[in-house]
Amino acid sequence: MNLAMYLVAGPEGFTPGAFLERVGAALSGGVDVLQYRPKRLPLREALALGLEVRALTRRSGVPLVVDDRLDLALALAADGLHLGQEDLPAPLARAHWRGLLGVSVRSSKEARDALEAGADYLGAGAVYATATKPEAEVIGLEGLRKVVESAGLPVVAIGGITPERVPEVRQAGVAGVAVVSAVMRAPDPARAVRELRRVWEKTMEGKRTV
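A short tour of the structure in this document, coming up. (Residues numbered from 1 in each chain as written. Predicted model: local features only at pLDDT ≥ 70, side-chain atom pairs only at ≥ 80, totals over all residues. Heavy atoms only, no water.)

A closer look at the overall build of the chain
Alright, step 1. Helix and strand content of the chain: nine helices and eight strands.
Alright, step 2. Its C-alpha atoms give the chain a radius of gyration of 16 Å, near enough to 17 Å, the size a compact globule of 210 residues would have.
Alright, step 3. Each of the three principal axes of the chain carries a C-alpha extent, and together these read 50 × 40 × 30 Å.
Alright, step 4. Burial status across the chain gives 52% buried among its 210 residues.
Alright, step 5. Contacts in the chain between residues far apart in sequence, at least 24 positions, make up 60% of those at least 6 positions apart.
Alright, step 6. Considering the chain, the positive charge centre built from 27 side chains and the negative charge centre built from 25 side chains are found 3 Å apart. (Helix = DSSP H or I, 4+ residues; strand = E, 2+ residues; numbered from the N terminus. Rg over C-alpha atoms; globule rule 2.2 N^0.38 Å. Buried < 20%, exposed > 50% of the residue type's maximum accessible area, 1.4 Å probe, protein only. Contact = heavy atoms within 4.5 Å. Lys, Arg positive; Asp, Glu negative; His and termini not counted. Charge placed at Lys NZ, Arg CZ, Asp CG, Glu CD.)

Regarding the side chain of Thr130
Alright, step 1. The residue Thr130 is located in the loop between β6 (121-124) and α6 (140-151) in this model.
Alright, step 2. Discounting residues that sit within four places of it in the chain, Thr130 has contacts with Gly159 and Gly160.

Observations regarding α6
Alright, step 1. Helix length check: α6 (twelve residues) gives 16 Å between terminal C-alpha atoms against 16 Å at 1.5 Å per residue, within 8%.
Alright, step 2. By the burial criterion, the buried members of α6 are Gly140, Leu141, Gly143, Leu144, Val147, Val148 and Ala151. Projected down its long axis, α6 shows its buried positions confined to an angular sector of 160 degrees, all on one face.
Alright, step 3. Looking at the buried side of α6, the elements it contacts are β5 (100-105), α5 (108-117), β6, β7 (155-158) and α7 (166-170).
Alright, step 4. Directly after α6, the chain includes Gly152, whose backbone phi takes a positive value near 70 degrees. (Expected span 1.5 Å × (residues − 1). Arc of directions from axis to C-beta.)

Section: the side chain of Arg37
Alright, step 1. Within the element layout of this structure, Arg37 appears in the loop between β2 (33-36) and α2 (43-60).
Alright, step 2. The class for Arg37 is buried, based on a relative accessible area of 12%.
Alright, step 3. Among the polar contacts listed, one links the side chain of Arg37 to the side chain of Asp67, at a separation of 3.5 Å.
Alright, step 4. Residues within four places of Arg37 in sequence aside, it is in contact with Val8, Ala9, Gly10, Pro11, Glu12, Asp67, Lys133 and Ile158. (Polar contact = N/O pair within 3.5 Å; in protein donor to acceptor, adjacent residues only side chain to side chain.)

Some details on the pairing of β2
Alright, step 1. Residues of β2 alternate between two faces, with Val33 and Gln35 on one and Leu34 and Tyr36 on the opposite face, all of them buried.
Alright, step 2. Pairing analysis gives four bridges linking strand β1 (residues 5-9) to β2, with the strands arranged parallel. By the bridge assignment for β2, Tyr6 is matched with Val33.
Alright, step 3. Once the chain exits β1 it traverses helix α1 (residues 16-29) before rejoining the sheet at β2, and the crossover so formed is right-handed. (Pairing = 2+ DSSP bridges. Right-handed = clockwise from strand over helix to strand, strands pointing away.)

With respect to the packing of α5 against α6
Alright, step 1. Between α5 and α6, the least distance of the axes is 8 Å, while the angle of their chain directions is 30 degrees. The handedness of the crossing between α5 and α6 comes out as right-handed. For the pair formed by α5 and α6, the contact residues are Ser108, Ala111, Arg112 and Leu115 on the first element and Lys146, Val147, Ser150 and Ala151 on the second.
Alright, step 2. In the contact of α5 with α6, the residues fall into four nonpolar, two polar and two charged. (Axes fitted to C-alpha atoms, helices over the stretch in contact; angles between N-to-C directions. Left-handed = near helix turned anticlockwise from the far one by under 90°. Nonpolar A, V, L, I, M, F, W, Y, C, P; charged D, E, K, R; others polar.)

What follows is the structure, encoded as C-alpha cells:
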C-alpha cells in the first residue's frame, strides 16, 4: 500500500459539514491514506460522522484508517487501525483485528516491539514540534533515522511536516509523510496536498539523478 501522502483528519474545530468538505477536498488532491481521528467525539457521533468519511474514501478509492478505537474501526469496516503507545496494546489489537495495523513509535525499541506485535507500518515522531500535539516528544531527524534503520517496516514521519521539510524527511528513508494541520487548516486542502506531493516526488527525482 502506498503511504506517501498520509492525512490525519480530526473533526475538532470544524462543523461536521466543514470537516467533510475539507476531507473531500484533500482526497481530490491526491491523498494516499486517510486516518480518521475523532479524539473527543462520543462513539455514536464518531460513528455517524465516520460513515460519511467512509463514503468519501470509498468513492476516492483511498484506504481508511481509524485512530485508536478498535470498536469504531470494526463498525466502519475500515481498512486499518492505528494505535499509539498509550492505546490498546498492539498484540491484543492484532488478536482481534485482521486489517492493516499501524503503531506510533518514538524509538528503535518501540519499533521492534511493534514489529513483533504484528504491525504493518509505523508512524514515527514527532519529528518536529507541532501545535497539533504540543505535548508530543520531539525525536528529530536523527531519531527518525534510527527508527527507519531498526524498524523492518515502512515508516511514516509525522509531526510538524511542511512542504519545506519534506526533502530532509524523505532523505531519512521514510515511506511517507503524515500531515494534519498542513492540510486540514490550509486555505485550500486540495492544493496543499498537491504541493506536498509535488515536493515529495521532486525529492525522489533528485535522488535518481545523483
